[in-house]
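Chains, contacts and geometry: an overview
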Amino acid sequence: MKSYYLVQQKTAFLHIPKLLLCILCFALLFAGFTFAGSKLLYKTDRTVKKVNIALVLEDDDPLIDLAIKYVNNLDSVDSVCSFFVTDRKSAYEALENNEIYSIVVLPENFINDIYNGTNTPAEIIFKEAGGAEIILFETLANAAAYALKTAQAGIYAAIDIINDYELRDFRSKIVNALNEFYIELALKRAMLFDEDTVSATDRLSLVTYYGASAAVLLLIISCIGCSSFCKNNTHRMSLLIKRHGIGEFAQVLIQCLALTVCYFIIFAVPFLLFEFLYLENGVFDVLFKALPIFFILIFSICSYSLFLFRISKTPQTGILLLFTISIVMMFFSGGILPVPFLPSFARSVGNLLPGTRWLHTAFCLVLGEISLLPIALTLGFAVLFLILNYSFSRLENR
């Protein structure tokens, strides 16, 4: 068995020049793919447009005009939306023509009703089909309503205490102090909202995400360079090897290991440079954690590539099959577009594909984290493809 492995390993090494040529060509191609993908997702710095809101006033209360001018001059409001006063008819026409995103109708005695607790509601009219801008403004409106409820509850509770304990002489002072407190509270956006960074690539930067995806795709597609090595043994050759005590499954396993070692030697140097210089990991973590995981990832990909070439009658068919299936699989797995951008059906299909597990394993290596689930699933797919390789060899050699 050792002699057979050495023969297979030498044969795999003879394909290194072809592999290096394929890796170089596809590396240049995927570098452009990584750059284009990052530009496609985030073309500009602003992802949400400024929202224009029409205000319809049914009362000539000077306090409302004063409040509108004050709100429009706030930087925190000006960065999100812009208010302007108009009549109801013009507002509906602007909404119909997509010139504004929403209409806010303030009824008569709106300010006074807030003071006396009547709380006549304002009417907010949205577009039927709105995007992220509408969701943002609706969130702000709900936050404002909750802030107003909190302020009123606090002031009314204070008034009840003043009446119960006969502190009417301090009423103006207490109410004014509470009004000042709640106004300051409402104007501090940090008091109402928590800052949360949302990214389609989770904790990875866009370049790192696409770099890892391109690396996985490069490992898969570069198997084109060793298509002649991946072919199945003839029936006569398989029987001859069996006579030396090497079964069909052992033949498949040795061929896959030989190809994996060849790939591992080629990619070991750039991988070690990445681990030591970019991630700044220690020697122990790299040699005894990252490298074994990287070997499992390559082994799983090689078993998959071997299977596709084995079920193809010619190397040309195998190349076409490998390229087509791998590109489609990487799309469903989130390697071309991040998973949050995919429809629910594509996400469901992607969860069942080996490409998803390979990407997750690559992301673990990039993040410098060891997660057993994606590694175990990656190894599981390697075993699955070995069994499929063995089963197909038995059917072919009958």
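The following paragraphs examine the structure supplied in this document. Owing to the predicted nature of the structure, the values given are computational and were not obtained by experimental measurement. (Residues numbered from 1 in each chain as written. Predicted model: local features only at pLDDT ≥ 70, side-chain atom pairs only at ≥ 80, totals over all residues. Heavy atoms only, no water.)

**Things to note about the environment of S300**
- Here S300 is to be found in helix 13 (residues 283-310).
- For S300 and L377, which are 77 residues apart along the polypeptide, the C-alpha to C-alpha distance reads 9.8 Å.
- When residues no more than four places from it in sequence are discounted, the contact partners of S300 are W358, T378, F381 and A382.
- At 2.8 Å, the side chain of S300 forms a polar contact with the side chain of W358. (Helix = DSSP H or I, 4+ residues; strand = E, 2+ residues; numbered from the N terminus. Contact = heavy atoms within 4.5 Å. Polar contact = N/O pair within 3.5 Å; in protein donor to acceptor, adjacent residues only side chain to side chain.)

**Structural notes on the packing of aromatic side chains**
- Counting across every chain of the model gives 12 aromatic pairs.
- Between F271 and F294, the ring centres sit 4.2 Å apart and the planes meet at 0°, which makes this aromatic pair stacked. Taken together, the residues F271 in helix 12 (residues 248-278) and F294 in helix 13 connect sequence positions 23 residues apart.
- Judged by centre distance (6.0 Å) and plane angle (40°), the rings of F307 and F385 are tilted. On the criterion of sequence distance, the pair formed by F307 in helix 13 and F385 in helix 17 (residues 372-396) is long-range, its members being 78 residues apart.
- In this structure F307 comes out as buried when scored by relative accessible area, which is 17%.
- By way of ring pairs, the aromatic residues Y304, F307, W358, F381 and F385 are connected into one cluster. (Phe/Tyr/Trp six-rings, centres within 6.5 Å; stacked < 30°, edge-to-face > 60°. Buried < 20%, exposed > 50% of the residue type's maximum accessible area, 1.4 Å probe, protein only.)

**Quick notes on helix 17**
- Look at helix 17: 36 Å from first C-alpha to last across 25 residues, which is about the 36 Å you get at 1.5 Å a residue.
- Residues of helix 17 that are buried make contact with helix 12, helix 13 and helix 16 (354-367). (Expected span 1.5 Å × (residues − 1).)

**Some thoughts on the sheet that holds strand 1 (residues 51-57)**
- Pairing is mixed across the open sheet formed by 4 strands, whose spatial order is 2-1-3-4. Edge positions in the open sheet fall to strand 2 (81-86) and strand 4 (123-126), since each of these has one partner strand only. Sheet twist, expressed as the average angle between the axes of neighbouring strands with direction ignored, equals 25°.
- Here strand 1 runs beside strand 3 (residues 102-106); their pairing, made up of 5 bridges, is parallel. Following the sheet pairing, L55 is matched in strand 3 by V104. (Pairing = 2+ DSSP bridges. Axes fitted to C-alpha atoms, helices over the stretch in contact; angles between N-to-C directions.)

**Focus: a nonpolar patch on the surface**
- Among the surface-exposed residues, V269, L273, F276, L277, V283, F284, L287 and F288 lie close enough to one another that they form a single nonpolar patch of about 830 Å² accessible area.
- Looking at the nonpolar patch, the elements that each hand over two or more residues are helix 12 and helix 13.
- Topologically, L273 is positioned in helix 12. (Patch = residues over 30% accessible without salt bridge, like charges linked within 9 Å, V, L, I, M, F, W, Y side chains within 5 Å. Areas by Shrake-Rupley, 256 points an atom, 1.4 Å probe, with all protein chains shown as cover. Salt bridge = Lys/Arg side-chain N within 4 Å of Asp/Glu carboxyl O.)

**Let's talk about the packing of helix 14 (residues 315-333) against helix 16**
- At a minimum axis separation of 8 Å, helix 14 and helix 16 run at an interaxial angle of 65°. Here helix 14 and helix 16 pass one another in a crossing that is right-handed. Residues M329, M330 and S333 of helix 14 pack against P354, G355, T356, W358 and L359 of helix 16.
- In terms of residue class, the contact of helix 14 with helix 16 is made up of 5 nonpolar, 3 polar and no charged. (Left-handed = near helix turned anticlockwise from the far one by under 90°. Nonpolar A, V, L, I, M, F, W, Y, C, P; charged D, E, K, R; others polar.)

**Quick word on the pattern of salt bridges**
- Applying the stated criterion across every chain, the model contains 1 salt bridge.
- A salt bridge links R88 to E58; its shortest N-O distance comes to 2.7 Å. Taken together, the residues span a long stretch of sequence, with R88 in helix 5 (residues 88-96) and E58 in the loop between strand 1 and helix 3 (62-72) at a distance of 30 residues.
- Residue classification places E58 among the partly exposed positions, given a relative accessible area of 37%.

**Let's talk about the environment of I327**
- Its place among the elements puts I327 in helix 14.
- For I327 and I220, which are 107 residues apart along the polypeptide, the C-alpha to C-alpha distance reads 9.7 Å.

**A closer look at the nonpolar core**
- By size, the foremost hydrophobic cluster in this structure holds 61 residues, and its most contacted members are I220 and Y263.
- Mapped by element, the contributors of at least two residues to this core are helix 2 (16-41), helix 10 (206-221), helix 12, helix 13, helix 14, helix 16 and helix 17.
- Tallying contributions element by element places helix 13 first for this core, with 14 residues.
- If sequence neighbours within four positions are ignored, I220 has contacts with I301, Y304, S305, L322, S326, M329, M330 and W358.
- Of all hydrophobic cores here, the second largest spans 14 residues; its members include L55, I68, C81 and F137. (Core = buried A, V, L, I, M, F, W, Y, C linked by side-chain atoms within 4.5 Å.)

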